[in-house]
Amino acid sequence: MLEHPAPSPWSVQTQLVHDGLDRSDFGETTEALYLTSGYVYDSAEQAADRFSGEDEGYIYSRYGNPTVSLFERRLAAIEGTERCAALSSGMAAMYAALASQLRAGDHIVASRALFGSCLQVITNLLPRYGITYTLIDGAELSAWSAAIQPQTRVFFCETPSNPMLELVDIGAVGEIARSAGICFVVDNAFASPAVQRAAPLGADVVTYSATKHIDGQGRCLGGAICCSEAFYQQHLQFYIRHTGPSLSPFNAWTLAKSLETLDIRVTQMARSAANVAAFLTEHPAVEHVSYPGLASHSQHAIARRQMINGGTLVSFQVRGGQNAAFRALNALGLIRISNNLGDSKSMVTHPATTTHRVLSDEQRWSVGITNSLVRLSVGLELDEDLMTDLDQALNCAQGEG
Ligand SMILES: *Cc1c(COP(=O)(O)O)cnc(C)c1O
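Everything in this summary refers to the structure shown in the same document. (Residues numbered from 1 in each chain as written. Predicted model: local features only at pLDDT ≥ 70, side-chain atom pairs only at ≥ 80, totals over all residues. Heavy atoms only, no water.)

Attention now moves to the pairing of strand S6 (residues 205-209). On a regular strand, one side chain projects to one face of the sheet and the next to the other, so that they alternate. For S6, the buried fraction is high: five of the five residues fall into the buried class. When strand S5 (residues 183-187) meets S6, the two strands line up parallel, connected through three bridges. Pairing of Asp187 across the sheet is with Thr207, part of S6. (Buried < 20%, exposed > 50% of the residue type's maximum accessible area, 1.4 Å probe, protein only. Helix = DSSP H or I, 4+ residues; strand = E, 2+ residues; numbered from the N terminus. Pairing = 2+ DSSP bridges.)

Right, dumping it as structure tokens:
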């Protein structure tokens with residue numbers, strides 16, 4: 001078993017194609033799919049040695065599987081962490097990254113602008129086990145320091161945030177966390193490793209929904225936690241073994257193969273997103289566009305520091321409120337209405353009535369989610385086709401007044 005990725009002399013794009021491949025004796029060209037739940041041993045002695053840890057082989061796929069390890073090694077290599085643990089969904093990864101290291105009496109400081117289920121974990125689930133929290137405006141650096149209590153163990157944020165695409169300065173917050181001995185966990189699902197490498201920037205633990213850009217083709221759920229070997233040994237290994245949020249080998253194979261094209265897919269999608277964002281800025285039916293790659297984004301300087309490009313998501317306000325926003329969504333011909341994102345197919349959603357529906361009006365307004373807000377995930381179609389579709393839909397929405 002090749003658990004520790006050796007530092008690679010190759011570029012990330014090359015690593016995505018080759019890293020983690022551990023060919024079997026058959027010499028297959030591509031990555032093999034080990035669709036197995038268990039393993040057999042040559043002897044009773046070998047079985048005993050596996051269980052005692054003297055023999056490093058696999059025991060049971062809840063603990064580890066060669067195809068899952070392939071995906072983990074490939075993602076760790078590009079994130080730049082010693083270790084990666086792949087789990088069954090993004091939420092399994094988010095929950096494990098927190099629950100594995102926290103206990104009753106501990107305290108979390110989290111940015112208020114979080115993915116809905118992450119917010120539920122922090123504000124509803126973990127408090128049942130005596131873990132308290134403070135929600136802050138993550139863009140405000142002094143708010144992180146001010147919220148620290150003696151029992152604060154974790155800082156948690158998402159950047160860019162859903163759906164407003166606000167940024168948290170990973171380097172600066174990482175500095176505050178480090179000096180206070182706090183573990184900084186960053187949900188990097190919205191960016192993907194092709195847009196932002198959170199670990200080298202200052203995150204201790206980087207979590208992914210692999211369902212989004214990493215699969216990127218709408219096929220399977222998956223999640224991952226990129227971290228140090230020490231974090232894996234101290235917290236994750238025990239938690240994962242005994243609670244079982246394991247990734248299926250089939251999904252791991254799909255995700256590992258998807259990593260081969262991650263960089264070219266996401267780079268192209270981000271290039272189109274930048275063009276679409278510029279187009280929307282000029283459109284008379286659009287009131288405000290939020291895209292980290294635009295110079296008009298209030299945190300553009302942070303985006304330039306920590307992001308490789310502006311990402312694949314664009315949020316904008318349609319003139320005329322919810323009615324106009326709905327008319328525009330319904331008039332789209334190519335871009336589909338879906339809450340998914342990071343896909344090769346462009347998708348659009350109305351956060352206030354879907355993903356952020358359960359928040360109170362006040363909670364939504366506090367993070368800027370108005371009824372005219374639309375979130376667009378830009379895919380791999382030709383950008384000019386997307387602009388044509390958006391233009392006719394927005395004009396149609398205004399026309400019907
Ligand atoms: C989708 C998403 C999740 C949850 O991932 P699943 O794979 O759907 O469980 C968590 N955080 C962010 C930012 C997401 O976009």
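Back to the text.
Between two packed helices, the angle of one axis relative to the other and the distance separating the axes together describe the packing. Running from N to C, helix H12 (residues 321-331) and helix H14 (residues 383-399) cross one another at 140°; their axes reach a closest spacing of 8 Å. Taken together, the axes of H12 and H14 are oblique relative to one another. Where H12 crosses over H14, the two elements pack in a sense that is right-handed. Facing Ala324, Arg327, Ala328 and Ala331 of H12, the residues of H14 in contact are Gln392, Ala393, Leu394, Cys396, Ala397 and Gln398. Classifying every residue of the contact of H12 with H14 by side-chain character gives seven nonpolar, two polar and one charged. (Axes fitted to C-alpha atoms, helices over the stretch in contact; angles between N-to-C directions. Parallel < 35°, antiparallel > 145°, perpendicular 65-115°, else oblique. Left-handed = near helix turned anticlockwise from the far one by under 90°. Contact = heavy atoms within 4.5 Å. Nonpolar A, V, L, I, M, F, W, Y, C, P; charged D, E, K, R; others polar.)

Of all hydrophobic cores here, the largest spans 48 residues; its most connected members are Phe71, Leu75, Trp144, Phe155, Phe184, Ile214 and Leu262. Counting only domains with at least three residues in this core, you end up with domain 1 (12-259) and domain 2 (263-397). (Core = buried A, V, L, I, M, F, W, Y, C linked by side-chain atoms within 4.5 Å. Domains from an automatic or database assignment.)

Further remarks concern the sheet that holds strand S11 (residues 347-349). Within the open sheet, the five strands sit side by side as S8-S9-S12-S11-S10. Their pairing is mixed. Strand pairing shows two members of the sheet lacking a second neighbour, strand S8 (286-290) and strand S10 (336-337), which therefore form its edges. Here S8 pairs with strand S9 (residues 313-318) via four bridges, running antiparallel. Considered in S9, the bridge of His288 is made with Gln317. Contacts from H14 reach S8, S9 and strand S12 (373-377) within the one sheet, and its direction differs from that of S9 by about 20°.

With respect to topology, seven strands assemble into an open sheet ordered S1-S7-S6-S5-S4-S2-S3, the strand pairing being mixed. Strands at the two margins of the open sheet, each flanked by one partner only, are strand S1 (83-87) and strand S3 (132-136). Within the sheet, the average angular offset between the axes of one strand and its neighbour, ignoring direction, is 20°. Pairing of S1 with strand S7 (residues 223-227) involves five bridges; the strand directions are antiparallel. Of the residues in S7, the one forming a bridge with Cys84 is Cys226. Sheet strands touched by helix H4 (residues 90-99): S1, strand S4 (152-158), S5, S6 and S7. Its angle to S6, the strand with the most contacts, is close to 160°. Running over the sheet, helix H7 (residues 170-179) touches S4 and S5 and is turned about 155° from S5.

Mapping Asp263 onto the fold places it in helix H10 (residues 249-282). Within the buried core, Asp263 has no salt-bridge partner, and the shortest N-O distance to an opposite charge, that of Arg197, equals 4.8 Å. Apart from the residues within four sequence positions on either side, Asp263 is in contact with Gln13, Leu16 and Ala194. (Lys, Arg positive; Asp, Glu negative; His and termini not counted. Salt bridge = Lys/Arg side-chain N within 4 Å of Asp/Glu carboxyl O.)

With that settled, the discussion passes to the pairing of S12. When you tally the buried positions in S12, you get five out of five residues, the bulk of the element. The side-chain alternation of S12 yields two buried faces, one formed by Leu373, Arg375 and Ser377 and the other by Val374 and Leu376. The sheet contact formed by S11 and S12 spans three bridges and is antiparallel. If you follow Thr349 over to S12, its bridge partner there is Arg375.

We now examine the site of the ligand. Around the ligand sit 13 residues, and of these Met91, Asp187, Ser209, Thr211 and Lys212 come closest. At 2.8 Å, a side-chain N or O of Lys212 approaches an oxygen atom of the ligand. About the coverage of the ligand: the protein hides 92% of its 380 Å² of free accessible area. A total of three residues in the shell around the ligand trace back to one element, the largest contributor, which is H4. Of the residues belonging to the shell around the ligand, the class tally is five nonpolar, five polar and three charged. (Near = heavy atom within 4 Å. Polar contact = N/O pair within 3.5 Å; in protein donor to acceptor, adjacent residues only side chain to side chain. Areas by Shrake-Rupley, 256 points an atom, 1.4 Å probe, with all protein chains shown as cover.)

Let us now look at the packing of helix H3 (residues 66-79) against H10. Look at H3 against H10: their axes get within 8 Å of each other, and the N-to-C directions meet at 30°. What the angle tells us is that H3 and H10 run roughly parallel. The element H3 and its partner H10 pack so that their crossing is left-handed. Facing Thr67, Val68, Leu70, Phe71, Arg74, Leu75 and Ile78 of H3, the residues of H10 in contact are Pro249, Ala252, Trp253, Leu255, Ala256, Leu259, Glu260 and Leu262. The residue inventory of the contact of H3 with H10, partitioned by class, reads twelve nonpolar, one polar and two charged.

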